[in-house]
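# A look at the structure
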Amino acid sequence: MQEYGWGAICAAFFTQFWPVWLALIITYAVSIRYKRKLGLYGKLFDSTIGMIGFGIVMFWVFTAIFADMIITHGTLEQVSQMKNKSPGTVMPDGASWYILGGDHLGRDVFSRMVMGSRVVIEIAPMATVFAFMVGITLGLPAGYYSGKLDTILSFLANLILAFPVILLFYLLVTPEMVETGLPQYMAVVLFLFPLIFLSVLLNSRYYVRPNLRNIMIAAVLVIGGWAYLALVSEPDTRVAVLPEAFDFIALPGNILIVFVSVVFVNAPTVYRIIRGLVLDIKTRDYVAAAQTRGEGPWYIMLWEILPNARGPLIVDFCLRIGYTTILLGTLGFFGLGLSPESPDWGSTINAGRKLMSIAPHPAIVPALALMSLVLGLNLLADGLREESLRD
Amino acid sequence: MLTFLLRRLFTMVLTALCLTFVVFYLTNLPPNLEKVAKSEAGARITDTEVESWLAKHGYAQPVLVRYGEWLGVVPGWTGTSDSGKATGRCVDAYPDAQTPPRFCGVLQGYWGFSTVFKENVGGIIITRLGLTGILMFWVMVLMVPAALIIGVLAGMREGSKLDRTLSTVSIASTATPEYVSGVILIVVFASSLVGLKWFKGTATSAMDGITFENFFLPVLTIALYGIGYIARMTRASMTEVMTAQYIRTARLKGVSFTNVVMKHALRNALIAPFTVIMLQFPWLLNGVVITETLFNYKGFGWTLVSAAGNNDIQLLLGCSVVAVVVVLVTQLISDVGYVFLNPRIRIS
């Protein structure tokens, strides 16, 4: 057994990702075959930039899904002889390699990078969805009714936007803050918005068919409400409303706080975008037609205005996931929230940067990973924008 | 115009008050105060001792009263120490004065006392802001012209090869946060792995004397993230201007392409980027915090991080005030400047 050279490192790196390549090939083959039937998603495959971006994003999504098959070592396995070893070093027992070297504790940089994608892919899109729910639920009435409501909500949004993000994180994401239970109270409020959104969405459409509506809203409230309570409540903290037996989502306090603060930072921007779009769209003829038909305000907002604002919103959604990824990295970089052992990219960059002059690889690998994911999302957004402008 | 300005100023002051109160509240939560008491009076003191320490040092009053004291609109707390000497917020503030003033807060120029640096917060912030100011100046010198040139070049012929290349470059640069580009730049230009070693990986020595070698990497790190964004805005505004009627007229009159771009298009195309550049300041603030931490340059951002990490309440409050004011003032300037630059907008 001998050390890998750069060529062997590349080859090992490439083969290790085989499930991802397979999944990517299948996705592309199916998508390109049926692209005419797939709407905006299919049109993405007409633009080179969009295709490249989509490929990079899906690479990381598949990596997160198949992470267990890709990694070569456990993310917390420490082998003291492998401390700061360069890429391609053989393990002391001679049986395997550290493809991208070892970090300052002798852990495998490659496996940690792969597992780190899981943290991002789990949190970033979900947090963005929540931010959109909050932004939409507040932005629609603010733009539609204007007046006092708009003034108050916009003032609050500007208040949060005037906060430097890092300062906000430093104030919110601290152990003392977790102790006071404030993030959980924020979660209580913020996580309520998806429920409100879905109920209002269904009610405004199906209120003419009360039976169907009652069933649908009951289903949303029971399932969503349970998920909501399970997410928010955590035994032995300030908010422990649900008995442990029913609490099927165990979210550790530090993950919850990271999630909540990322949603909190993103929501005002989404609110502003939605409000601007509504102000523009509400002067259109089809809105006036719906008003004349006697439709309720929420029906108009959710079923007339919102679908017509989807183009810019989808593009912004992609960009915002990228931005959320950057924010998560920032949190990790300052050692806030996530535990220092967590393999997420921000924390690994933070741990690696201290020894950069001796061993740069533990920091540069997650840095490049994070950069490629955000770049992929930006390219995807660019492709989507181009294609949605074309109709 | 005057009413517009006054209304904006009023909103600004209100926002600043709300934000500083939020920061004040969040930094003065019971667990934080307990930590302060324990770090000042010993880690092993009991809960009752903590409470009496807090009461003796003016922390027992309601949050609003203490916020007023800190702001300087409520008289500072007073009391007597165990040895019978008069104590109080204003006694700490002006230890040499015979009779301390009744009010001593931010409005009177007293920003509190840093428990970590053992110095007045006002003094620390001014020195640190000076260091950050130098950094920001060079960032602006590098970022603004580079971004505008890239944006104008990309936008003058939409869809050309040059446009595609430059647009991709700007997307890539917006996709690279400071902590990624900083790490990459250090590895490429300052580590033994690549072996170039053109620059230094830290900017600690730049605090005494700035050289190209120790200051270029931090400046480039901050500038890179902003360049992409400003360039894209400039490009968008440039492509819009280039399709305008008067540009076509100028071209048909026979004015050369260079002249059209330089004399006709440029001025109108630069209105939108102006706003964007001003609104970049809050983002630059983020970049400054990350970059100063990464390069160990002890400016304002570094101070903010160390104040937050060490539970240095007064210093953190001071830093937040500065940060919030910077953000609000740039917002105001960008609004007012936009109105001045764009004759089509008139505010009644």
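Rules behind the numbers
Residues numbered from 1 in each chain as written. Chains lettered and ligands numbered in written order. Predicted model: local features only at pLDDT ≥ 70, side-chain atom pairs only at ≥ 80, totals over all residues. Heavy atoms only, no water. Helix = DSSP H or I, 4+ residues; strand = E, 2+ residues; numbered from the N terminus. Rg over C-alpha atoms; globule rule 2.2 N^0.38 Å. Buried < 20%, exposed > 50% of the residue type's maximum accessible area, 1.4 Å probe, protein only. Contact = heavy atoms within 4.5 Å. Areas by Shrake-Rupley, 256 points an atom, 1.4 Å probe, with all protein chains shown as cover. Lys, Arg positive; Asp, Glu negative; His and termini not counted. Charge placed at Lys NZ, Arg CZ, Asp CG, Glu CD. Buried area = accessible area lost by both parts, 1.4 Å probe. Salt bridge = Lys/Arg side-chain N within 4 Å of Asp/Glu carboxyl O. Polar contact = N/O pair within 3.5 Å; in protein donor to acceptor, adjacent residues only side chain to side chain. Axes fitted to C-alpha atoms, helices over the stretch in contact; angles between N-to-C directions. Parallel < 35°, antiparallel > 145°, perpendicular 65-115°, else oblique. Domains from an automatic or database assignment. Phe/Tyr/Trp six-rings, centres within 6.5 Å; stacked < 30°, edge-to-face > 60°. Nonpolar A, V, L, I, M, F, W, Y, C, P; charged D, E, K, R; others polar. Core = buried A, V, L, I, M, F, W, Y, C linked by side-chain atoms within 4.5 Å. Patch = residues over 30% accessible without salt bridge, like charges linked within 9 Å, V, L, I, M, F, W, Y side chains within 5 Å.

Attention now moves to the overall build of chain A. Each helix and strand counted, chain A has 18 helices and two strands in total. Taking 21 Å as the expected radius of gyration for a compact globule of 391 residues, we find that chain A reaches 24 Å, a close match to that expectation. Relative to its full complement of 391 residues, chain A shows a buried share of 54%. Considering only contacts in chain A between residues 6 or more positions apart, those separated by 24 or more positions represent 71%. Here chain A displays about 17,000 Å² of accessible surface, and carbon together with sulfur accounts for 67% of that area. Computed over 26 positive and 26 negative side-chain charges, the inter-centroid distance for chain A is 9 Å.

Next up on the list: the overall build of chain B. From N to C terminus, chain B includes 14 helices and four strands. Radius of gyration (C-alpha) of chain B: 26 Å, far over the 20 Å computed for a compact globule of 348 residues. In terms of overall dimensions, chain B has a C-alpha envelope of 90 × 60 × 35 Å along the principal axes. Contacts in chain B between residues far apart in sequence, at least 24 positions, make up 65% of those at least 6 positions apart. A gap of 17 Å separates the mean positions of the 27 positive and 19 negative side-chain charges of chain B.

This brings us to the interface of chain A and chain B. Taken together, the contact pairs 40 residues of chain A with 46 residues of chain B. A buried area of about 3,900 Å², summed over both sides, lies between chain A and chain B, and 79% of it is on carbon and sulfur atoms. The residue Arg 232 of chain B makes a salt bridge to Asp 382 of chain A at a minimum N-O spacing of 3.2 Å. Applying the counting criterion to the chain A and chain B interface returns four residue pairs in polar contact (both at pLDDT 80 or more). Contributions of two or more residues to the side of chain A that touches chain B are made by α7 (147–161), α8 (165–172), α9 (175–180), α16 (310–333) and α18 (361–390) of chain A. Here the element with the most residues in the side of chain A that touches chain B is α18 of chain A; it accounts for 13 residues.

What follows is about the pattern of salt bridges. The final tally for this structure, using the stated rule, is 15 salt bridges over all chains. Its salt-bridge partner being Glu 386 of chain A, residue Arg 164 of chain B comes within 4.0 Å of it at the nearest N-O pair. Of this pair, Arg 164 of chain B sits in helix α7 (residues 161–174) while Glu 386 of chain A sits in helix α18, placing the two residues on different chains. With relative accessibility at 44%, the residue Arg 164 of chain B sits in the partly exposed group. For Glu 386 of chain A, a relative accessible area of 30% gives the class partly exposed. If you follow the salt bridges from partner to partner, you end up with Lys 35, Arg 36 and Asp 46 of chain A in one network.

Most of helix α8 (residues 178–190) of chain B is tucked away, with twelve of its 13 residues classed as buried. Of all the residues in α8 of chain B, the buried ones are Glu 178, Tyr 179, Val 180, Ser 181, Gly 182, Val 183, Ile 184, Leu 185, Ile 186, Val 187, Phe 189 and Ala 190 of chain B. Packed against the buried residues of α8 of chain B are α16, α17 (345–352) and α18 of chain A together with α9 (212–242) and α12 (271–295) of chain B.

Next up on the list: the packing of helix α4 (residues 48–65) of chain A against helix α6 (residues 109–145) of chain A. The packing of two helices is summarised by the inter-axis angle and the distance between the axes. Residue and element names in this part refer to chain A. Two elements in contact, α4 and α6, have axes separated by 8 Å at closest approach and are oriented at 105°. As judged from the angle between their axes, α4 and α6 are roughly perpendicular. Of the residues in α6, those in contact with Trp 60, Val 61, Thr 63, Ala 64 and Ile 65 of α4 are Met 113, Val 114, Ser 117, Arg 118 and Ile 121.

Turning our eyes to something else, we now look at the domain arrangement of chain B. All names here are of chain B. Per the domain assignment, the segments making up chain B are domain 1 (2–108) and domain 2 (121–341). Its C-alpha centre places domain 1 at a distance of 37 Å from the equivalent point of domain 2. When domain 1 packs against domain 2, the two sides together hide about 1,500 Å² of surface, and 76% of this comes from carbon and sulfur. Viewed at the interface, domain 2 and domain 1 are joined by zero salt bridges.

In this section: the side chain of Ser 306 of chain B. Residues and elements named next belong to chain B. Looking at the secondary structure, you find Ser 306 in helix α13 (residues 300–309). Accessibility expressed as a relative area gives 14% for Ser 306, which makes it buried. Only 3.2 Å separates the side chain of Ser 306 from the backbone oxygen of Thr 303, close enough to count as a polar contact.

A separate point is the environment of Gly 276 of chain A. All names here are of chain A. Along the chain, the position of Gly 276 falls in helix α13 (residues 253–281). The exposure class assigned to Gly 276 is partly exposed, which follows from its relative accessible area of 34%. When the C-alpha atoms of Gly 276 and Leu 140 are compared, they prove to be 9.4 Å apart, with 136 residues separating the residues in sequence.

Residues and elements named next belong to chain B. In this fold, Ser 114 is placed in strand β3 (residues 113–114). Separated by 189 residues in sequence, Ser 114 and Thr 303 have C-alpha atoms that sit 11 Å apart. Reaching out from Ser 114, the side chain makes a polar contact with the side chain of Asp 312 at a distance of 2.6 Å.

Residue and element names in this part refer to chain A. Throughout the structure, instances matching the rule amount to 34 aromatic pairs over all chains. Where Phe 13 meets Phe 110, the ring centres are 5.7 Å apart and the plane angle is 75°; that geometry is what we call edge-to-face. Of this pair, Phe 13 sits in helix α1 (residues 6–16) while Phe 110 sits in helix α6, placing them 97 residues apart in sequence. On the basis of relative accessibility, which here comes to 27%, the residue Phe 13 falls in the partly exposed class. For Phe 110, a relative accessible area of 0% puts it in the buried group. Here the aromatic residues Phe 13, Phe 14, Phe 17, Trp 21, Phe 59, Trp 60, Phe 110 and Trp 345 are joined through ring pairs into a cluster of three or more.

Residues and elements named next belong to chain B. Structurally, Asp 312 can be placed in the loop between α13 and α14 (313–341). Of the side chains bearing the opposite charge, Lys 118 lies closest to the buried Asp 312, which forms no salt bridge; the N-O distance is 8.2 Å. In this view, Asp 312 contacts Phe 113, Ser 114, Thr 115, Val 116, Phe 117 and Ala 307; residues no more than four positions away in its chain are not counted.

All names here are of chain A. One can describe the packing of helix α11 (residues 192–206) onto helix α12 (residues 210–232) by two numbers: an axis separation of 9 Å at closest approach and a directional angle of 175°. Considering their axes alone, α11 and α12 lie roughly antiparallel with respect to each other. Contacts between α11 and α12 involve Leu 192, Leu 195, Leu 198, Ser 199, Leu 202, Asn 203 and Tyr 206 from the former and Pro 210, Leu 212, Arg 213, Met 216, Ile 217, Val 220, Leu 221, Gly 224, Gly 225 and Tyr 228 from the latter. Its residues placed into classes, the contact of α11 with α12 shows twelve nonpolar, four polar and one charged.

Ranked by internal contacts, the top residues of the largest apolar core, which has 178 residues, are Met 113, Phe 191 and Phe 334 of chain A. For this core, the domains that each give at least three residues are domain 1 (2–108) and domain 2 (121–341) of chain B. Other than its neighbours up to four places away in sequence, Phe 334 of chain A contacts Ile 166, Tyr 170 and Asn 350 of chain A together with Val 289, Ile 290, Thr 293 and Val 305 of chain B. Counting residues in each nonpolar core, the second largest holds 21 residues, with Leu 140, Leu 201, Leu 277 and Ile 281 of chain A among its members.

Next up on the list: a nonpolar patch on the surface. Residues and elements named next belong to chain A. On the surface, a nonpolar cluster with roughly 770 Å² of combined accessible area is contributed by Trp 18, Leu 22, Ile 26, Val 30, Tyr 34, Leu 38, Tyr 41 and Met 69. No other element matches helix α2 (residues 18–33), which puts four residues into the nonpolar patch. Relative to the assigned elements, Leu 22 resides in helix α2.

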